[in-house]
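What the coordinates show
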Amino acid sequence: MKSAVIVFPGSNCDRDMAMALAGALGHAPRMVWHKDVSLPDGLDLIAIPGGFSFGDYLRCGAIAGRSPIMRAVADFANRGGLVLGICNGFQVLCETGLLPGTLMRNSGLKFICKTVRLTVETADSPFTSAYDAGQPIDIPVAHHDGNYVASDALVQRLRDADRIAFSYQDNPNGSSGNIAGVLSQNRRVLGMMPHPERRADPDLGGTDGRALFQSLAKALISA
Amino acid sequence: MQTEPEITAALVEAHGLKPDEYQRILDLIGREPSFTELGIFSAMWNEHCSYKSSKKWLRTLPTTGTRVICGPGENAGIVDIGDGQCVVFKMESHNHPSYIEPYQGAGTGMGGILRDVFTMGARPIAAMNSLSFGRPEHPKTRRLINGVVEGIGGYGNCFGVPTIGGELRFDPAYDGNCLVNAFAAGLADTDKIFYSAASGVGRPVVYLGAKTGRDGVGGATMASAEFDDTIEDKRPTVQVGDPFTEKRLMEATLELMATGAVISIQDMGAAGLTCSAVEMGDKGNLGIRLDLDKVPVRERDMSAYEMMLSESQERMLMVLDPEKEDIAKAVFDKWDLDFAIVGHTIAEDRFVVMHANTLKADLPLKALSGEAPEYDRPWVPAPAPAPLGALPPLDPIAALLTLIGSPNHCSRAWVYEQYDTMVMADTVLPPGADAGVVRVHGTKKALAFTADVTPRYCRANPFRGGAQAVAEAYRNLCATGAIPLATTDNLNFGNPEKPEIMGEFVGCIKGISAAVTALDMPIVSGNVSLYNETDGQGILPTPTIGAVGLLTSLDDMITMRPEAGQHMILLGESRGHLGQSAYLAEVLGRREGDAPEVDLEAERAAGELVRALWAQDLITAAHDLSDGGLALAATEMALAGQTGINLAPGDAGWFFGEDQGRYLLATETVDSLLTAARKAAVAARVVGRFGGTEIRLGEATVPLARIKKAFESGLDALTSA
C-alpha cells in the first residue's frame, strides 16, 4: 500500500495532506513534483492537495490539469487507481475530466473559510466506508471557487448512481444540489471542496475528517 | 539612450528632499548628483527608509533580552523558543498604498512582511493584521474595508499562511488615511538563520524572483508624504502583488538556503534594488557594483532611474557562494523564477551603477544610509484631556446592545472568514479568541499572537496609551496561557514636523518602553509610518503592538469558553474608570477624561496568576478585560460558551469601566481560587455565574439570542451586498 501526493508550485495543503495520510496509513506518502512525467511504481493511492496550484490564474486547476504529471494520474485513475482531490485538487480533477462538473466562484463572491456541517451521503466508497450514510460531520471549507456547477440532469444522474459523497447542510457557496464532494463512475476517484485533512487531529478542534483517511487505509489493506 | 533630466530645485523638491538635505548631498559627493543618483538619495533618505524623524526615539526602546537572538535592524526580529528553534517576526504598515488602491496595497503589504520573514530563513506560520478605517458611514470606508480585507486574503490565502488574528477599528480620524498593519511570524532553526550583511570581495550579487517593471517607482517617497486632492494621480506608485510568485520565491529561497549557497540575502521592499543593495553592502562594510543590463525586466526601455526605484514585488537580492552557482540556478529553474547575476561585491566603499555601458551612479555607499539626515524634531507634551463630565443615568442593557452591535466591538467573523485561518493544519486557536495560537509543527509546543492598541487612549494620554497597548497585548497572551516573549511595534502617526504630533510620538514611545521593560517583552522589530494626514488632518496616534507568546505545551492553552454553572471571578482591581472608555465613545458619543492608569506591576502579577491558576486546575476559561470592561468581557465569554450570564449589579463604572490589569475567569472551585489569588496579592472576587439563556446585568436582562444577533450583524451596513 503506497500513496503519493502531487505537488504543484502553488500547492499549500500538500504537507497537511501528507500528515493526515501518514497518520492513517502508517507511512509517509511520496511527494511527486508536477513536472515529473511518471509516477512511482506500485502506487495504490494518489492525493491532489489544496492550494492555488498555479495561482488560480486562468481558471482554478486549469493549468495544473494540463501539467505533465496529470497524464500519468489520469492513466492511473483509468486503470482503477484511487485518487483523492481536495479543494484545489477537486478543481484539478474536474479540469482533467476525471470528475464531472465545474467549480466556479462562490455565489457570495468572497473567499470563505469556516467549519461547515456536511452530510455523508454514501458509505459505499473506499473514501467513506468508515462513515455511516446520513452521518453529519463538521469539516472546514476554505475556498474562493467552490461553487460546484452541474446541470439538473447531471445532479440527478449523480444522485441516482449514489455518486454524491458529501453534501452541505447549509450551502455556503451556491453549489448545485448542495454537492460538496462527488465520486467517479467506478467510485475510485473522489473530489471534495471541504478539507477533511484539517479535521483529523484532536488538537485542531475535531476529528470528523479522520474516518475518510481510515476508510482509505481499510481499502488499501483489503486491496 | 535616454537623456536624464537636468537637476533643478523643483526636481529636488519633487523627490521629497528639503533644500538643506540637498545641500548635504552636494557636500557629501562634492558635485551635483546625476538624475539616477538623486533618485537613489531620495529613496534612501525619505522618512520611510531612513527613519530620520523617529530614529532618535527608537534608540530608546528596550530591544534586548535573554531570549532575543536578533533585535531591530534586520528584516525581522528573532526570539528563541527552545529546542534549537526560534520565531522570526515583524509588523509593517502599508497604509498609504492601501488607501490609494486597497486591494493591491493591502495584498502587497502582506507580501512584504512575509518576505521579511522568509528572507531570514524562516517559513511563515502565522499572519495577523491591524486595520483602522474611517467612520463606517464615510463614503470611502465601504470600498476600503472590502478591498483591504480581500487584498489580504487574496495574498495570504494563496501564499498559504494562516491569518490567525488581528484588529479592526473605525474612527473619523481615519477618514482620510486608513491603516493597514501586517504582521507575519515564521519558524526557523536557530543555527540556520540568514542575515543581510554581505561578505567577501568579488562575490556575485544575484537577483531572484519576479521581473522588474515600472510599478511602485517612487513608492517609498509617496509613503512619506501627506495626502491631498491629487491622490488619484498617485495610483501608479502602488505595486501589484503576485502571491503565486511569492509562494514560489519562498520555496525556492528556503530550498536554496538548505544547499549552503546563500551567503547573505535581502528582500527588495521599499525602494527595491537601491535599498536592498545598499543594505547588504553597508552591513557587510563592502561596496556594490551593479550592472543593470543584467536585471530581468518586464517592460521595455526602462531607465536606470526606474530600475533603481522600482518597487516591483516578489524580488530578492543575495550574495552567493560562487562555487555553488550551478546548484542555485537549478533551484530557481525548478521553480521557474528569474535568476541573474547583476553585480558583485567590491572592496571600496562605493555604490556603482552601470547601465548600457554608462556610469549612472557612483556614490559613497556607507554614506547613503549612515549619513542620512536625522532630526531631533521639536515636540510638545500632549495637552491634558477634557475632564470627565457628569454622566446620564445608565441603562445597562441598552448600552450593552449598542456596544456589542457597534462596528468597533461586534463580531469580526466577516473579516476573518475571508482569510484562510487553518492552512498548514496547525491552528489550535483560530481568530475570535484573545490571541491566535498555532502549534509549532511536529511538536506539542505552540505560539500565541496578538495585535493591540487603543488609539483613543493614546490621543488622551500618549504615555498611558503606549503602555496600555503593550499591557493589553500581554494580557491577551496570558489569557490564552502563553508566556509573553517579545513584541514588534508598528508606529502610525501624523506629520512629525508638527510639535504636537511629535509629542504624541514621544509620549507613546516612553509608555511603550516602560511597559516592555516591566513586562519583559522587548521590541525586536518594527516599523514607523508618519505623515498619515490628509488635508492637514492627522490620524489618532496608533502605535500597534504585535506580541508573541510561547506555550511550552498545548495542555497550557486556555480558551474563553465557560460552561453553564461555572462561577465568574473578576481578577484585578476595579475602580470604575470611564475616561476615554468604549462606553463613553460608543454609547454616549463623548471623548472625555484621562486614559486609564496602567499599573505594570499589577498587570504582571495578574497575568502570572492566570497561568498559575490554570496549571493548578483552578480555572476552566479566561478572558481579558479591555474595551467595554466587565459587561462586554462577560458577554463575549457568554457568546463563546453559548451560555447565559448573571452578573452582579453596579453602576456604569462597574459594568463598563476600563481599569487595566483585569481578567474574567470561569471556575468550579471558587474557594481554592480566591485563596490562591490572596496569596499572590491579586484582587479577586466572585461577580456572577454562567448559565441560562439570558444576559443578566444586575436586575436587567436580555435574551442571549438578541445579543448574538446584534453581535453578528454589527458590520452588516458595511458588508452586505
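Residues numbered from 1 in each chain as written. Chains lettered and ligands numbered in written order. Predicted model: local features only at pLDDT ≥ 70, side-chain atom pairs only at ≥ 80, totals over all residues. Heavy atoms only, no water.

**Overview of the overall build of chain A**
The criterion, for reference: Where helices and strands are cited, they refer to DSSP runs of H or I of at least four residues and of E of at least two residues respectively, numbered from the N terminus. The cut-offs for exposure are 20% and 50% of the maximum accessible area for each residue type, with area from a 1.4 Å probe on protein chains only; residues under the lower value are buried, those over the upper are exposed, and the others partly exposed. Calculation of accessible area relied on Shrake-Rupley with a 1.4 Å probe; when residues are assessed, cover is drawn exclusively from the protein chains displayed. Neither His nor the chain ends contribute to the count of charged residues, in which Lys and Arg are positive and Asp and Glu negative. By convention, charge coordinates are those of NZ in Lys, CZ in Arg, CG in Asp, or CD in Glu.
When helices and strands are counted, chain A shows five helices and eleven strands. Along the longest, intermediate and shortest principal axes, the C-alpha atoms of chain A span 40 × 35 × 35 Å. Within chain A, the proportion of its 223 residues that are buried is 61%. Accessible surface, chain A: about 8200 Å² in total, of which carbon and sulfur atoms supply 48%. Side-chain charges in chain A split into 21 positive and 21 negative, and the spacing between the mean points of these groups amounts to 4 Å.

**Notes on the overall build of chain B**
In plain terms, the rule: C-alpha atoms define the radius of gyration in this analysis, and the globule rule sets the expected value at 2.2 Å times the number of residues to the power 0.38. Residues are treated as being in contact if the distance between any of their heavy atoms lies within 4.5 Å.
Broken down by element type, chain B carries 26 helices and 28 strands. A globule of 721 residues ought to have a C-alpha radius of gyration of about 27 Å, and chain B, at 26 Å, matches this closely. A burial count over chain B gives 64% of its 721 residues as buried. Considering only contacts within chain B whose residues lie at least 6 apart along the sequence, 85% involve residues at least 24 apart. As displayed, chain B has an accessible area near 23900 Å², and 50% of this comes from carbon and sulfur atoms. One way to put it: in chain B the 62 positive side-chain charges average out to a point 2 Å from where the 94 negative ones average out.

**Let's talk about the confidence of the model for chain B**
Put simply, the rule is: Confidence scores labelled pLDDT are given residue by residue by the predictor and lie between 0 and 100.
Here chain B averages 94 in pLDDT, and 97% of its residues register 70 or above. For this predicted complex, the interface score ipTM comes out at 0.97, alongside a pTM of 0.96.

**Overview of the nonpolar core**
Heads up, the condition is: Take the buried Ala, Val, Leu, Ile, Met, Phe, Trp, Tyr and Cys residues and link them wherever side-chain atoms come within 4.5 Å; each set so joined is a nonpolar core.
Ile48(A), Leu84(A), Tyr148(A), Phe166(A) and Leu212(A) are the most contacted members of the largest nonpolar core, which has 77 residues in total. Setting aside residues up to four positions removed in sequence, Tyr148(A) forms contacts with Phe90(A), Cys94(A), Pro100(A), Gly101(A), Thr102(A), Leu103(A), Leu154(A), Leu158(A), Ser175(A), Ser176(A), Ile179(A) and Val182(A). Judged by nonpolar contacts, the second largest core, of 63 residues, contains Tyr474(B), Met521(B), Ile523(B) and Val528(B).

**Concerning the packing of aromatic side chains**
Going by this rule: The pairing test for Phe, Tyr and Trp rings, Trp by its six-membered ring, is centres within 6.5 Å, and the orientation test on the planes gives stacked under 30 degrees, edge-to-face over 60, and tilted for anything in between. Only Lys NZ and Arg CZ are tested; either one counts as a charge over a ring when it is within 6 Å of the ring centre and within 35 degrees of the ring normal.
Overall, the coordinates contain 17 aromatic pairs over all chains when judged by the stated rule. Between the aromatic rings of Phe89(B) and Phe183(B), the centroid separation amounts to 5.9 Å while the plane-to-plane angle is 35°, which identifies the pairing as tilted. Of this pair, Phe89(B) sits in strand S3 (residues 85-93) while Phe183(B) sits in strand S6 (residues 179-189), placing them 94 residues apart in sequence. A centroid spacing of 6.2 Å and a plane angle of 15° characterise the contact between Phe118(B) and Phe159(B), whose relative ring orientation is stacked. Of this pair, Phe118(B) sits in helix H7 (residues 102-118) while Phe159(B) sits in helix H8 (residues 141-159); the two residues are 41 residues apart in sequence, bridging distant segments of the chain. Each member of the pair Phe118(B) and Phe159(B) is classed as buried. Grouped by ring-pair contacts, the aromatic residues Phe8(A), Phe54(A), Tyr57(A) and Phe244(B) constitute a single cluster. It is Arg248(B) that lies over the ring of Phe244(B); its NZ or CZ is 4.5 Å from the centre. The ring centre of Trp33(A) lies 4.8 Å from the NZ or CZ of Lys334(B), which sits over that ring.

**Notes on the side chain of His15(B)**
Condition: N or O atoms within 3.5 Å of each other form a polar contact, as long as, within protein, one can give a hydrogen and the other can take it, and as long as residues adjacent in sequence are counted only when both atoms are side-chain atoms.
Its location among the elements puts His15(B) in the loop between helix H1 (9-14) and helix H2 (19-29). Within polar-contact distance, the side chain of His15(B) engages the side chain of Tyr305(B) at 2.7 Å.

**Some points on the interface of chain B and chain A**
Under the convention used in this document: For any pair of parts, buried area is found by adding up, for both, the accessible area (1.4 Å probe) each one loses once the two are put together. Any carboxyl oxygen of Asp or Glu that lies within 4 Å of a side-chain nitrogen of Lys or Arg is treated as forming a salt bridge with it.
Taken together, the contacts link 32 residues of chain B with 28 residues of chain A. Taken over both partners, the interface formed by chain B and chain A buries close to 2500 Å², and the fraction arising from carbon and sulfur atoms is 55%. The three residues of chain B that bury the most area against chain A are Phe244(B), Glu417(B) and Met422(B), which together make up 25% of that side's buried surface. Counting across the interface, chain B meets chain A through seven salt bridges.

**Looking at a negative patch on the surface**
Note the cut-off: Only residues whose relative accessible area exceeds 30% and that form no salt bridge are eligible for patches; like-charged ones are grouped when within 9 Å, while nonpolar side chains (Val, Leu, Ile, Met, Phe, Trp, Tyr) are grouped when within 5 Å.
A contiguous patch of negative charge on the surface is contributed by Glu573(B), Glu597(B), Asp599(B) and Glu601(B). With respect to the helices, strands and loops of the structure, Glu573(B) is situated in the loop between strand S22 (567-571) and helix H20 (582-587).

**Quick word on unusual backbone geometry**
Located in the positive-phi region is Arg187(A), a residue other than glycine, with phi close to 65°. For Arg187(A), the position within the fold is in the loop between strand S10 (179-183) and strand S11 (189-192). Among the residues examined, Arg187(A) registers a relative accessible area of 14% and is labelled buried. Positive phi, normally seen in glycine, also occurs at Tyr531(B), with a value near 60°. Locating Tyr531(B) in the fold gives a position in the loop between strand S18 (523-529) and strand S19 (533-534). A relative accessible area of 8% places Tyr531(B) in the buried class.

**Describing empty space enclosed by the protein**
Residue and element names in this part refer to chain A. Let me state the cut-off plainly: Only protein atoms enter the 1 Å grid used here. Points where a 1.4 Å probe fits but cannot escape make up a cavity, open sets with protein on both sides within 12 Å along at least five of seven lines make up a pocket, and a residue lines them when an atom lies within 4 Å of a point. Grid points are joined across faces, edges and corners, and a volume is the space filled by probe spheres set on the points. Residues are grouped as follows: nonpolar covers Ala, Val, Leu, Ile, Met, Phe, Trp, Tyr, Cys and Pro; charged covers Asp, Glu, Lys and Arg; every other residue, Gly included, is treated as polar.
As enumerated under the stated definition, the model contains three cavities of 30 Å³ or more in all. In this structure, the largest cavity occupies an estimated 120 Å³ of space. Around the largest cavity sit 19 residues that line it, and Gly51, Phe52, Cys87, Ala142 and His143 are the ones nearest its centre. Residue assignment for the lining of the largest cavity shows that the elements contributing at least two residues are helix H3 (88-96) and strand S7 (136-143). Here the lining of the largest cavity is built from residues that sort into six nonpolar, nine polar and four charged.

**Some thoughts on the environment of Tyr103(B)**
Residue and element names in this part refer to chain B. For Tyr103, the location among the structural elements is in helix H7. With relative accessibility at 36%, the residue Tyr103 sits in the partly exposed group. Separated by 50 residues in sequence, Tyr103 and Gly153 have C-alpha atoms that sit 9.5 Å apart. Beyond its immediate stretch of four places on either side in the chain, Tyr103 contacts Gly147, Glu150, Gly151 and Gly154.

**A word on the sheet that holds strand S21 (residues 542-551) of chain B**
All names here are of chain B. Applicable threshold: Two strands pair if DSSP finds at least two bridges between them. Lines fitted to C-alpha atoms define the axes here, with helix axes fitted over just the stretch in contact, and angles between the N-to-C directions of these axes take values from 0 to 180 degrees.
An order of S14-S15-S16-S21-S17-S18 is seen for the six strands of this open sheet, with the pairing classed as mixed. The two strands at the open ends of the sheet, each matched to only one other strand, are strand S14 (427-429) and S18. Each neighbouring strand pair of the sheet contributes to a mean axis angle of 25°, computed without reference to strand direction. As defined by bridge partners, S14 adjoins strand S15 (residues 436-439) across two bridges and the pair is classed as antiparallel. Looking across to S15, one finds that Leu429 is bridged to Val437.

**Section: the sheet that holds S22(B)**
Residue and element names in this part refer to chain B. Taken in spatial order, the seven strands of this open sheet run S23-S25-S22-S26-S24-S27-S28, and their pairing is mixed. Either end of the sheet is taken by a strand with one partner, and the two such strands are strand S23 (621-624) and strand S28 (700-703). Strand-to-strand twist of the sheet, defined as the mean angle between neighbouring strand axes without regard to direction, takes the value 20°.

**Considerations on the pattern of salt bridges**
A full pass over the atoms with the stated rule returns 54 salt bridges over all chains. Arg15(A) serves as the salt-bridge partner of Asp426(B), at 3.2 Å between the closest nitrogen and oxygen. Of this pair, Asp426(B) sits in the loop between helix H16 (413-416) and S14 while Arg15(A) sits in helix H1 (residues 14-25), each in a different chain. Asp426(B) gets classed as buried once you look at its relative accessible area, which sits at 5%. Arg15(A) gets classed as partly exposed once you look at its relative accessible area, which sits at 27%. A salt bridge links Asp145(A) to Arg105(A), with the nearest nitrogen and oxygen atoms 3.3 Å apart. Here the residue Asp145(A) occupies a position in the loop between S7 and strand S8 (147-149), and Arg105(A) occupies one in the loop between strand S5 (102-104) and strand S6 (112-120), the gap between them amounting to 40 residues. Given a relative accessible area of 9%, Asp145(A) falls into the buried group. Taking relative accessible area as the criterion, Arg105(A) reaches 41% and is therefore assigned partly exposed.

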